[in-house]
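If you want the building blocks of each chain, they are given just below.
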Amino acid sequence: MLATTGWTAVHRPENGTPMRAAALAAWASARIDGRPVPSADAPARTVARFFRGLDGAQRARLADGYPLVVGNLDGVPAATRYRANRLGLERAGQVEDARSRDVALTPADRSAAVRRLHRFASLAEPGRQIFAFDPTGGGRVAEVFGDLDEARRISVIVPGVDTDVLTFERTQRRFTAPVGMAESLYEAQRAATPDSRTAVIAWAGYTAPTGVGMDAATGRMAMDGAVLLRALTVALPGDSSVALFCHSYGSVVCGVAAHELPARVTDVVVAGSPGMRAENVAGLHTSARVWATRDQGDWIADVPHLEVGGLGHGADPVSPEFGARLLSSVTAKSHTGYFAPGTDSVDNFAKIGTGAFGSVVCASGDDACRRGTSGADQD
C-alpha cells in the first residue's frame, strides 16, 4: 500500500503539480509499519536516527514508495538514496517521454522533454551513485564518485552559472561540467595517493544563475545555495573531513556559506572567482583554510571586483590583500579549464583533497601557500 500510494501521487500529479511537490505532499502522511516518517524538513540527525531503526526491507519500501523525497533527504543512508534516485530518475523519464509525444505542447517543449529524457536515462544507468535528484524547474542533482561511507576525506565540487540537470554532464567539453570535474578530480586523487580513502561529489544542488546577467551579479541565488551547501556538509556520513572546490559563481556560494560551515570543512578552494562577498579571508569568518587560483587567460580577471548596492561580489580572492593561499594554475586554460586532467590546478586540488599539503605548488613558486599546513596529513 505504501509503495502504491507514493507512486500514484508522483506519477499522476494533479493540476500540473510538480513531481517533487506531489511527493512531499504524499510523504507528509506516510507511515511505515504503523510508524510515521520524519518530516521532510527534519534535522539530518533525526532522519538518520529514524532510518537506523529500520531494516533493509523497510528502507527499500520507503525508497521505492517516495523516491523524490527519500533520495533528497539529508540523514538517509547513501545506498538508500542511490536506490531512491535511480527510481526517481526512471519515473521522471516516463513523464518526459509522455511530454515528448504530447501534441498539445509546442515543438520546443517536446524537444526539451526529449533532452531531459535522455539526461535522466544517462543518470539512471547502473553503477551511478546519484545522491540527490529533483526534476523541478531546471533540475538539481548530485553524484558521488568513490565510497562515501568509507571515505576519510570528501571533496565537493560547487559549480557556477548555467548549471542544471541538462548541463550536469557533457560529452563535448566534458571537464567543464560538474560530472567531468568530479571524475577528473577523483582520478587525480587516486593517482596521487592510491591508498587514500576519498570520495568526490559533483554537486549541482542549488539553482544557479543563467548566463552572466543580473542574477550572476548579485548574491541572491548564492544565499539560497549557501543554505543548501551547509545542509549537505552537515549531513554527510561519518566524521570525514570535507574540502570544497568552488568554481566561478560557485565561489560566491562558498563565500556566503563560509561562516556557517561545520568544522569538518577544513579547506575552501576557489578557482576563477568573481569574489566571495567578503573583503578578505578574515571577513569569511571560517576556520577552514582558504585557497585561491586564477589562470592568466581567465576572463573573470576583467570583472570589477567590488560590491556596490548589492551588485558585485567584493574583493579579488587572488589579490595579496585578500589573504588566501595562492595556488598555481599556469597550465589551466581559460575560465573553464581548471579541472582538465594533467593541469597543475587539478593536481593541486587533488593534493588538497587528500591532505598532501606538502607537495602543493604555490603560485609564487615558493612555499608561501603551504605555510602552517602539515605535509604528512594524509589518510
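Conventions we followed
Residues numbered from 1 in each chain as written. Predicted model: local features only at pLDDT ≥ 70, side-chain atom pairs only at ≥ 80, totals over all residues. Heavy atoms only, no water. Helix = DSSP H or I, 4+ residues; strand = E, 2+ residues; numbered from the N terminus. Rg over C-alpha atoms; globule rule 2.2 N^0.38 Å. Buried < 20%, exposed > 50% of the residue type's maximum accessible area, 1.4 Å probe, protein only. Contact = heavy atoms within 4.5 Å. Areas by Shrake-Rupley, 256 points an atom, 1.4 Å probe, with all protein chains shown as cover. Lys, Arg positive; Asp, Glu negative; His and termini not counted. Charge placed at Lys NZ, Arg CZ, Asp CG, Glu CD. Salt bridge = Lys/Arg side-chain N within 4 Å of Asp/Glu carboxyl O. Core = buried A, V, L, I, M, F, W, Y, C linked by side-chain atoms within 4.5 Å. pLDDT = per-residue confidence, 0-100. Polar contact = N/O pair within 3.5 Å; in protein donor to acceptor, adjacent residues only side chain to side chain. Axes fitted to C-alpha atoms, helices over the stretch in contact; angles between N-to-C directions. Parallel < 35°, antiparallel > 145°, perpendicular 65-115°, else oblique. Left-handed = near helix turned anticlockwise from the far one by under 90°. Nonpolar A, V, L, I, M, F, W, Y, C, P; charged D, E, K, R; others polar.

Undergrad: In this structure, what is going on with the overall build of the protein chain? I would like to understand it.
TA: Along the backbone of the protein chain there are 12 helices and 10 strands. Its C-alpha radius of gyration of 21 Å places the protein chain within 12% of the 21 Å reference for a compact globule of 379 residues. Dimensions of the protein chain, computed from C-alpha atoms along their principal axes, come out at roughly 65 × 50 × 40 Å. Across the 379 residues of the protein chain, 53% fall into the buried class. The long-range share in the protein chain, meaning contacts at least 24 apart out of those at least 6 apart in sequence, stands at 65%. In the form shown here, the protein chain has an accessible surface area of approximately 16200 Å², with 52% of it arising from carbon and sulfur atoms. Separation of charge centres in the protein chain, based on 39 positive and 41 negative side chains, amounts to 5 Å.

Undergrad: Could you clarify how one ought to interpret the pattern of salt bridges in this entry?
TA: Opposite charge on two side chains allows them to pair when their charged atoms are near. A complete count under the given rule lists 18 salt bridges for this structure. A salt bridge links Glu96 to Arg99; the shortest N-O distance between them is 3.6 Å. Taken together, the residues Glu96 and Arg99, both in helix α6 (residues 78-100) and 3 residues apart, mark about one turn of the helix. If you follow the salt bridges from partner to partner, you end up with Arg119, Arg128, Glu143 and Glu169 in one network.

Undergrad: Would you mind showing me how to read the nonpolar core here?
TA: Within soluble globular proteins, side chains that are nonpolar generally end up buried alongside one another. Counting residues in each nonpolar core, the largest one holds 59 residues, and the members touching the most others are Trp27, Phe51, Leu62, Val70, Phe245 and Phe349. Top contributing element to this core by residue count: helix α8 (residues 178-192), with 6 residues. Membership of the second largest hydrophobic core comes to 46 residues, among which are Tyr82, Ala151, Ala258 and Val265.

Undergrad: Would you mind showing me how to read the confidence of the model for the protein chain here?
TA: In low-pLDDT regions, the fine details of the predicted coordinates are not to be read closely. In the predicted model, the protein chain carries a mean pLDDT of 92, and 93% of its residues have values of at least 70. Confidence over residues 1-15 falls short of pLDDT 50; this stretch has 21 contacts with residues more than four positions distant or in other chains.

Undergrad: What exactly am I supposed to notice about the side chain of Arg325 here?
TA: Structurally, Arg325 can be placed in strand β10 (residues 325-326). Buried charge without a salt bridge: Arg325, with Asp267 as the nearest opposite-charge side chain at an N-O distance of 6.5 Å. Within polar-contact distance, the side chain of Arg325 engages the backbone oxygen of Cys369 at 2.9 Å. Not counting chain neighbours up to four residues away, the residues in contact with Arg325 comprise Arg289, Val290, Trp291, Ala292, Cys369, Arg370, Arg371 and Thr373.

Undergrad: Got a minute to help me understand the packing of α6 against helix α7 (residues 107-123) in this structure?
TA: A pair of packed helices is characterised by two quantities: the angle between their axes and the separation of those axes. The contact between α6 and α7 brings their axes to 8 Å, and the two run at 155°. It follows from the interaxial angle that α6 and α7 lie roughly antiparallel. Crossing geometry of α6 relative to α7 is assigned as left-handed. Residues Leu89, Ala92, Gly93, Glu96, Asp97, Arg99 and Ser100 of α6 touch α7, and the partners they reach there are Asp109, Arg110, Ala113, Val114, Arg116, Leu117, Phe120 and Leu123. For the contact of α6 with α7, the class distribution of residues is 7 nonpolar, 2 polar and 6 charged.

Undergrad: Explain the environment of Leu148 to me, please; I cannot follow it from the model alone.
TA: For Leu148, the position within the fold is in the loop between β4 (140-146) and β5 (153-158). Take Leu148: its relative accessible area is 2%, and that puts it in the buried class. Residues Leu148 and Val200, 52 residues apart in the sequence, show an inter-C-alpha distance of 8.1 Å. Leaving out residues up to four positions away in the same chain, Leu148 has contacts with Ala78, Tyr82, Phe131, Ile154, Ala199, Ile201, Leu236 and Pro237.

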